[in-house]
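# Architecture and fold: a report
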Amino acid sequence: MENISTNFANFNTSSTMWIWFIPAALITLYAAMRMVNYAELIIQKTKLGGAFVGLVLVSMITSIPELLTEISQGLNNTPGIGIADDIGANAFSTFMLAIATLIFIRSMFIKKLGLWTKVSIIISFVLTVAMTIILYFNKDIALGENGKFIMGIIPIAFILAYFIFVYFSYKFRHLADEEPDNDTKSRFGILGISLMFTMFSIILIGSSLFLNWTVDAMQETYNISHQSAGGIFLSMTTAMPEVVALFQLARKGYLTAATGAIIGSHIFNISCLFWGDMSYSGGALLENAEAGNVWTIALVTSIEIALLLVFVAFGKKLNTKLKYAIIPSMMIATYIIGWSLILFIK
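In what follows, the accompanying structure is described. (Residues numbered from 1 in each chain as written. Predicted model: local features only at pLDDT ≥ 70, side-chain atom pairs only at ≥ 80, totals over all residues. Heavy atoms only, no water.)

## What about the overall build of the protein chain?
The number of helices and strands found in the protein chain is 14 helices and 2 strands. The burial tally for the protein chain puts 55% of its 346 residues in the buried class. Within the protein chain, counting contacts between residues at least 6 apart in sequence, those at least 24 apart form 83% of the total. Taken as a whole, the protein chain presents about 15,000 Å² of accessible surface, with 69% of it coming from carbon and sulfur. (Helix = DSSP H or I, 4+ residues; strand = E, 2+ residues; numbered from the N terminus. Buried < 20%, exposed > 50% of the residue type's maximum accessible area, 1.4 Å probe, protein only. Contact = heavy atoms within 4.5 Å. Areas by Shrake-Rupley, 256 points an atom, 1.4 Å probe, with all protein chains shown as cover.)

What follows is the structure, encoded as structure tokens:
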């Protein structure tokens, strides 16, 4: 298949590309905000709970850009870019979660996370560390034969892990964290709310697809490496829906769902390797991805999540704002220093 981003880059010029990028980003931003508003109503009017809505529903929809990137780059036979985008988005969203804990420091919401949300953070950490090791060695066991369908075992393991995670997230949805007792008025019943949630999710998916094509075209047009400053900026755009969900939910007091939206997106993004491998025709994806030093980005993310685990474990003992702010500040510093080293120390 011809390179989609190359074709789109040919359709654009350096002077018009930003004209496409800006409206696509704004529509994605608006759709994400509206989708989160209806997610809030789903939390209020159903028994799904904030943890499940954040960890599964919101995180899945807001991570569609990463999924589309993984598939499109697999089809383009450039899967390394898709992997870098997934890992880069996870690093950035964890960085933004740390910033959110400081912005909403008065609530000290990390102290209020329920058991399953804490377990989900552990799952995210284990998968991210596994991803770091896998990317470093760049090895997999391929299923299939040359000239026929070939699939790696590791992406299959990741997608199975995600389905198991979704199952237990639903089963343990009543291991609830503290949520606000809001009662937002809506002219819709639960069916109407579900339909509106679905509608804005579809708009988000469509705008994300167009945004991803534009971002890919920028990389082609400007010859931007995924490990350059421009590459960092472009990977941030795919994490935009997760960040919008984080701050929208946190602002309204749904701090469990806000945290879950980030942690759930971590796990979903890693599972996207399966769909990238499915769309890639060059063999087992992880053996042929040519992802370079993307493992270093995964290492930065692993350190961020490790600090988050320490934060969760000892959060209740941090009884002053100054003490509470120490670990989030370390997470922020990890992201900045980590990317600085990746950019400037080749």
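## Quick word on the pattern of salt bridges
Applying the stated criterion across every chain, the model contains 1 salt bridge. Of the charged contacts, one joins E40 and K252 as a salt bridge, the two residues approaching to 2.9 Å between their closest N and O atoms. In this pair, E40 sits in helix α2 (residues 17-45) while K252 sits in the loop between α10 (240-251) and α11 (255-279), placing the two residues 212 residues apart along the sequence. Taking the relative accessible area as the measure of exposure, K252 reaches 24% and is therefore partly exposed. (Salt bridge = Lys/Arg side-chain N within 4 Å of Asp/Glu carboxyl O.)

## Concerning the nonpolar core
In terms of nonpolar packing, the biggest core is built from 92 residues, with I83 and L308 touching the most fellow members. Not counting residues up to four positions away in its chain, the partners in contact with L308 are L97, I110, I121, I263 and M331. Ranked by size, the runner-up nonpolar core spans 8 residues in total, among them M17, F21, A24 and A217. (Core = buried A, V, L, I, M, F, W, Y, C linked by side-chain atoms within 4.5 Å.)

## Let's talk about the side chain of E242
Checked against the element boundaries, E242 lands in helix α10. Here E242 sits buried without a salt bridge, and the closest side chain of opposite charge, R251, lies 18 Å off (N-O distance). Non-local contacts of E242, meaning those with residues more than four positions away in its chain, are made with T62, S63, E66, I262, S265 and N269. (Lys, Arg positive; Asp, Glu negative; His and termini not counted.)

## Structural notes on the packing of helix α3 (residues 49-62) against helix α7 (residues 153-171)
Taken N-terminus to C-terminus, the directions of α3 and α7 make an angle of 140°; their axes are 9 Å apart at the nearest point. The angle between the axes of α3 and α7 places the two elements in the oblique class. Judged by the twist between their axes, the crossing of α3 over α7 is left-handed. In this structure, α3 contributes F52, L55, V56 and M60 to the contact, and α7 contributes Y162, F165, V166, S169 and Y170. Partitioning the contact of α3 with α7 into residue classes produces 8 nonpolar, 1 polar and no charged. (Axes fitted to C-alpha atoms, helices over the stretch in contact; angles between N-to-C directions. Parallel < 35°, antiparallel > 145°, perpendicular 65-115°, else oblique. Left-handed = near helix turned anticlockwise from the far one by under 90°. Nonpolar A, V, L, I, M, F, W, Y, C, P; charged D, E, K, R; others polar.)

## Notes on α10
Taking 1.5 Å per residue as the helical rise, α10 with its 12 residues ought to reach 16 Å, and the 16 Å between its terminal C-alpha atoms agrees with that figure. Within α10, 9 of the 12 residues are buried, leaving the element largely enclosed by the surrounding structure. For α10, the complete set of buried residues consists of P241, E242, V243, V244, A245, L246, Q248, L249 and A250. Phi for G253, located one or two positions after α10, is positive at around 95°. (Expected span 1.5 Å × (residues − 1).)

## Notes on the packing of aromatic side chains
Under the counting rule described, the total for this entry stands at 18 aromatic pairs. Note on Y38 and F200: the rings are 6.0 Å apart at their centroids and 15° apart in plane angle, and the pair reads as stacked. Here F200 lies in helix α8 (residues 190-222) and Y38 lies in helix α2, a separation of 162 residues in the sequence. Neither residue differs from the other here; Y38 and F200 are each classed as buried. Arranged with centres 6.3 Å apart and planes meeting at 50°, the rings of F92 and Y335 form a pair that is tilted. Taken together, the residues F92 in helix α5 (residues 79-103) and Y335 in helix α14 (residues 321-344) connect sequence positions 243 residues apart. The structure contains a cluster of three or more aromatic residues connected by ring pairs, namely W116, Y162, F163, F165, Y167, F168, F172 and F268. (Phe/Tyr/Trp six-rings, centres within 6.5 Å; stacked < 30°, edge-to-face > 60°.)

## Quick look at α7
Between its first and last C-alpha, α7 extends 27 Å over 19 residues, near the 27 Å set by a 1.5 Å rise per residue. Among the residues of α7, those classed as buried are I154, P155, F158, I159, Y162, F165 and S169. Mapping the buried residues of α7 onto a view down its axis gives an arc of 140°, with all of them on the same face. (Arc of directions from axis to C-beta.)

## Here we look at the side chain of T128
With respect to the element layout, T128 can be found in helix α6 (residues 115-137). Look past the residues within four positions of T128 in its chain and what remains in contact with it is I270, A298, T301, S302 and I305.

None of this, on its own, says anything about what the molecule does.
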